[in-house]
Every structure is written in C-alpha cells, then in structure tokens.
Amino acid sequence: MKRERLTMSQALVKFLDNQYIEMDGVETKFVTGMFGIFGHGCVVGVGQALEQGGHSLKFYQGKNEQNMALAAVAYAKQMDRRAIIPCVSSIGPGATNMVTACGCATANRIPLLVLPGDTFACRQPDPVLQQAEFFDNYGRTVTDAFKGVCHYFDRILRPEQLMTACLNAMRVLTDPADTGAVCLAMPQDVEGEAYDYPEHFLQKRVWHIDRRPIALSQLERAVELIKAAKKPILICGGGVRYSEAEEELLRLAEAHNIPITETQAGKGIIDWRHPLNLGGIGVTGGKAANVIARDADLIIGVGTRFSDFTTSSKWLFNEDRKVLGINICPFDAYKMDAEAIIADAREALIGIDEALGDYRTEYTDEIAAAKAEWDAIVDEFYTKELEGGLSQTLALGIINEFMGDEDIALGSAGSLPGDMQRLFRAKNRGTYHMEYGYSNMGYEVNGALGAKLAKPEAEVYTFCGDGSFLMGHSELYTALQEGLKINVCVFDNLGWGCIENLQNAQGTDTFGTVFRARNPETGMLDGREMTVDFAKIAEGYGAKGYTCRTSDELRAALADAKTQDRAVLFDIKVLPKTMTPGFESWWRVGVAEVSKSETVAAAYEEMQANIAKTFDY
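Now for a description of the structure that goes with this document. In this text the structure is predicted, and so the values were computed from the model without any measurement.

### Observations regarding the overall build of the protein
Inference 1: Counting its regular elements, the protein contains 25 helices and 23 strands.
Inference 2: Taken over the C-alpha trace, the protein has a radius of gyration of 25 Å; the compact-globule value for 617 residues is 25 Å, and the two agree within 12%.
Inference 3: C-alpha atoms of the protein, sized along the principal axes, occupy 70 × 70 × 55 Å.
Inference 4: Classification of the 617 residues of the protein by burial places 59% in the buried group.
Inference 5: A sequence separation of at least 24 residues applies to 76% of the contacts in the protein between residues at least 6 apart.
Inference 6: For the protein, the exposed surface amounts to about 24600 Å²; the carbon and sulfur share of it is 50%.
Inference 7: Here the protein holds 61 positive side-chain charges and 85 negative ones, and the gap between their average locations is 2 Å.

This is the structure in structure tokens:
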C-alpha cells in the first residue's frame, strides 16, 4: 500500500481538497476554500499546511470567527448545500466564537465544517495561553461546547484518527437528512504530528446524494389523504429548494388546483406572480395564505420543519385538519402528528401527482380573491408616503422594485424578515436568502459575503436593522479585501424595533429596547437618542456610504450604487414602528403570569385563550 508522510494538518488540507459530491449525474467540488483567523493554536499547523501549497483551496482571511463562519453558512445555503468553505481557528475564544455559527447552521440544516484548535493532547505544557481548565475533568476543553450545536463532533488526539474523523464528518456534511454543523477539534500539538497516510485516503472521493424514492405504501396513504380532502394547501419549505423540486411542486399544484404557501426557507422558489402562490404563511405570513390555511382540511408540508413561525405556534390551522408531511428527514416528517412520507421531495411529488389522476380540489374563486386582496395590501405598503419621514415598508418596496430579477435579497433577524416574508416579491429561484431558523443577529452583512462568494455575478442586497448591524459586520472589510461588491441596506430605527413592538404588544412599556443614552437625572436609558452615522462607518472601511432620509434620496443612492465597483452601504433612516403588523396569526411567548400591570395581566389572559386553540403535538 502506497503511503505519504504528512502532518495531520497537511493530510487534512489534502483530503478536503479532494472531496466531491454527485447528484443527478452532476459532479461538484464540495470544498472550495477555507476561512481562517490564525493564532498560536493553528498557525503552525493548518496555517503551515495551507501556506506550503499543493492544493487548490482559496484561503479567505476572516476578521471575526463567528462572522466568518456565518459567511460560510450563507455560502453553503446559497450553493444549495452543494459546496462548503470550512473555518479554522485558534484555541480558546477563537474556537468558541464559532459556536453560535454552528447553532445557526444546525438549526437551518446547512453543512458547516469548523476546525477549532484545541489544547495540547500531550498535556505537557498545560495550562497554555487561552486554556480554560476544568477542575472535575482535565480532558474537557472549551471545544466541548461544540457538542451541543453540532451533528457530529470529534477530537483528533492522534494523527491517524484523522481518517475516521474526516470520513464521518463528510458523511454528515453530505447527508440531506442529517446535515448541520460538524466540528473536528484539533489539539495544537497533534496538528503538527506526522503519520504515513495511505494514498487512497488522500485521493479524489465522490460522495453520492441519491434520491430516496417514495414507497408504494407511502404513496397509497398520501393519495388517500389528498383525495379525501376538499380544500388542501401546500406549504413549500426549504427542502423543495434543496431537492430542486420547484417544477414538480408547481405541476402538482396546477394539475389539482392546490394553493401554495411559503415558509421563509421556501420563499422565492415559486414566482410571486403565480396565481396559486399565496405567499408567506404563519406569524410573518400574509393575509392570503393565513386565511386560506385556516379553512384548509389538509396541510401538505413539503420539505418544512413546521417551526412555530410557520404554524403560528400550532394555532393557525383548524381542529379538523389533517397533516401530510413529505420530508427526507424523519425527524421533520412526523411533526404535527403528520402522516409521514419519508422521501426525496421531487420523487414524492412526481409520484403523488401521477397517482392523483384527475383529482381537483373544491376551491372556486377563493384563491384568486385572497391573492388579489393581498397584492393590493402589498401595493399600498410599497407606495404609501408618511409625513415626518421614510417608512420601513416603503424603503423595502423601493429597493425591491429597483433590484434586478437575478439579484439576491438576504436577511436574518429583527422586523425585516417579517416585512420581507410578507411583502418581498421574489421572481426567480435562489434570489431570496433568509436565515430564519436561528434568527441570527449579525448574519446579514457577513452572510452577504458568503452569498456573493457563491454567486459573484449577482448583486447581493442584504437587509438589516441598526441593532443587527452593530451585532456583527466585520466581513464587510473582507468583502472589500476580496474586491466583492455587496449592497448593505441598514434600516436605522434607533433600536431593536421588532422586540419593542413585541414588548408593547404584551403589555410592557418600552424598556431596554431603544437606543438612548443614560439619563443622569433618572438613571435610566431614557436620555437623548443615540444617533449613528452608519454611512461614515462604511466609508471608514473603504466602502461607499449613502445616507437616505427620503424616498427620493434612496432612489438616487440605489442608482448611483449601480455604478460602483466596491461594497456600498445605505444608511436608511426610517421612522420607528413602521414595519408591517401581523395578519391573522398569533405567536406564543412567555407572558408573565403575575404582574402589577393591568396590561400585562390582560396579555396573559389573551395568551391563555389562544393556547386553548392550539394543538399539543
């Protein structure tokens, strides 16, 4: 057997460089580069391996470990999980900074490989710089924190352990039903230790993603349920995108007159103008989808994990409805006490469509009427000028209408995801990129870098509030470093407006959710407004900045930005509390059972009344 003597790090780099995936006969290079921030726990290990060459991986210099890992999540999402950029860090804070990004990846079923440095396996120089010691277990290190947010965790204590670790990591990263974050913790001494690795481990390896067909018994159960339904609805989830099943979903809907609703992950797969597309469903959904869903007697979830936002905390649907769950992941297929169809979305939809024959729902003009009413509501939000300043919904509408059909809209947290699921009009597949499984503040700017790396030919517009921008935007600097133009739209409403609205709606006065200075007279955060010039911050990095207070200023800035060849930031000063309200939905949060406030007590009673309308499973 031929062998090559390499350090563990050198073998890791060579292995990753030779990983490919195949789906439907199309082969794709799976690992395309590596994000990293070098410290003493990785620079002489993985850093040395990357520096000496002999591989095709492009190295990207991150500026914050959490943010570079969020960029990697966005890259994999925009690539429909067909390619990844692993992230390497030093030990200690460099490692644990990536824990949040791993939670984000796992929540969204996105493959993310993190390679944190770790303390010495030999323990001889311990305690080393940045090592946190645990008195009850000397073998425990801070990288154990990854275990709670990863689908696979391994610590490579000997260089030969790399082989089983890498194969299991790839197994999870390429599994459509069980993917998420993967952590390979690397003690810094082991990173530099050598082993005679067998040649076959280092050679090109193709991981095959085979479509799981729908079983005959599953098909019979699904068709029986649908044929018994008079007014079913389809919920289009992210699994439709990753299965590339949009044409089959549309064919099923059209053939049998079934309306389509969208989750955040499923939005943008079907053109918003299609007469059967009712738009977003649930807490951040629109009136059309939620009204039709309320009367549906069968909920057909395709590739959705039925989150509380999709189901309105299991309040949205009527008590007599049944649920059909079509999902490659058994964990998700059985949710909502559904009849579980564990199969590839495209294969299942093809089989069900053919088996339904001439079945048609009993909808008459309800779908068209609901859609027409909703389109008119959106039109008003997108055109209505307010006295005193620019509304958030009008600003969103101006940008949406300015964007090209292939431009990518990206978001994650705050009130903007609600506005975007309700109002944003996406025309083409892959142009709506929303991270909402984790609602990870700070994803937006960093995610824009990842999306741009995935689709360099597209304009990427990322939508974030001022609060989310302040959480994390370090990879704006990396975008400039790489010569990648991203369009950062900061909606400055002077605080965490989404949470303030929630706070007020549940009976509590505004507290700790607006950005104000400490008032020396009251001792509270109720002093002057903390105004920030976000455009100047961007310009300090080297980006082009625009300050927009009116609709005309925003339109002019958008037009000028098209002429720029570097990253731009729109500092959009919007009036607080000008986001969209909820439409025929409810979201359960933990309202105080006991309070001195009458409004809080009333909110608690309202919560109890709504809980009585929900389902326990």
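### A closer look at the sheet that holds strand β11 (residues 205-208)
Inference 1: Taken in spatial order, the three strands make up an open sheet running β3-β2-β11, and their pairing is mixed. A strand with exactly one partner marks an edge of an open sheet, and here the two such strands are β3 (26-29) and β11. Taking the axes of each pair of neighbouring strands and ignoring which way they run, one obtains an average angle of 30 degrees across the sheet.
Inference 2: Here helix α1 (residues 8-17) sits on the sheet in contact with β2 (19-23), β3 and β11, set at roughly 25 degrees to β2.

### A few points about the environment of L525
Inference 1: Take L525: it is sitting in the loop between α22 (497-505) and α23 (534-541).
Inference 2: The sequence separation of L525 and R82 amounts to 443 residues, and the corresponding C-alpha distance is 47 Å.
Inference 3: Setting aside its immediate chain neighbours within four residues, L525 contacts R516, A517 and R518.

### Focus: the layout of surface pockets
Inference 1: The space that makes up the largest pocket amounts to roughly 1000 Å³.
Inference 2: Around the largest pocket, the lining comprises 45 residues; the ones closest to its centre are V283, C498, N501, L502 and W587.
Inference 3: Among the secondary structure elements, those contributing two or more residues to the lining of the largest pocket are α18 (416-423), α20 (466-471), α22 and α25 (598-611).
Inference 4: Residue contributions to the lining of the largest pocket peak at six residues, all from α22.
Inference 5: Grouping the amino acids of the lining of the largest pocket by side-chain chemistry returns 21 nonpolar, 18 polar and six charged.

### Observations regarding the sheet that holds strand β15 (residues 298-302)
Inference 1: Taking strand neighbours across the sheet as the criterion, the six strands line up as β14-β13-β12-β15-β16-β17 in an open arrangement whose pairing is parallel. In this open sheet, the two edge strands, each paired with only one partner strand, are β14 (277-280) and β17 (339-342). Each strand axis lies, on average, 20 degrees off the axis of its neighbour in the sheet, ignoring direction.
Inference 2: Bridging between strand β16 (residues 322-327) and β17 involves four bridges; their strand directions are parallel. What sits directly across from G325, in β17, is A340.

Scoring rules and cut-offs
- Residues numbered from 1 in each chain as written.
- Predicted model: local features only at pLDDT ≥ 70, side-chain atom pairs only at ≥ 80, totals over all residues.
- Heavy atoms only, no water.
- Helix = DSSP H or I, 4+ residues; strand = E, 2+ residues; numbered from the N terminus.
- Rg over C-alpha atoms; globule rule 2.2 N^0.38 Å.
- Buried < 20%, exposed > 50% of the residue type's maximum accessible area, 1.4 Å probe, protein only.
- Contact = heavy atoms within 4.5 Å.
- Areas by Shrake-Rupley, 256 points an atom, 1.4 Å probe, with all protein chains shown as cover.
- Lys, Arg positive; Asp, Glu negative; His and termini not counted.
- Charge placed at Lys NZ, Arg CZ, Asp CG, Glu CD.
- Pairing = 2+ DSSP bridges.
- Axes fitted to C-alpha atoms, helices over the stretch in contact; angles between N-to-C directions.
- 1 Å grid on protein atoms, 1.4 Å probe; cavity = no way out; pocket = protein on both sides within 12 Å on 5 of 7 lines; lining within 4 Å.
- Points joined across faces, edges and corners; volume = space filled by probe spheres on them.
- Nonpolar A, V, L, I, M, F, W, Y, C, P; charged D, E, K, R; others polar.

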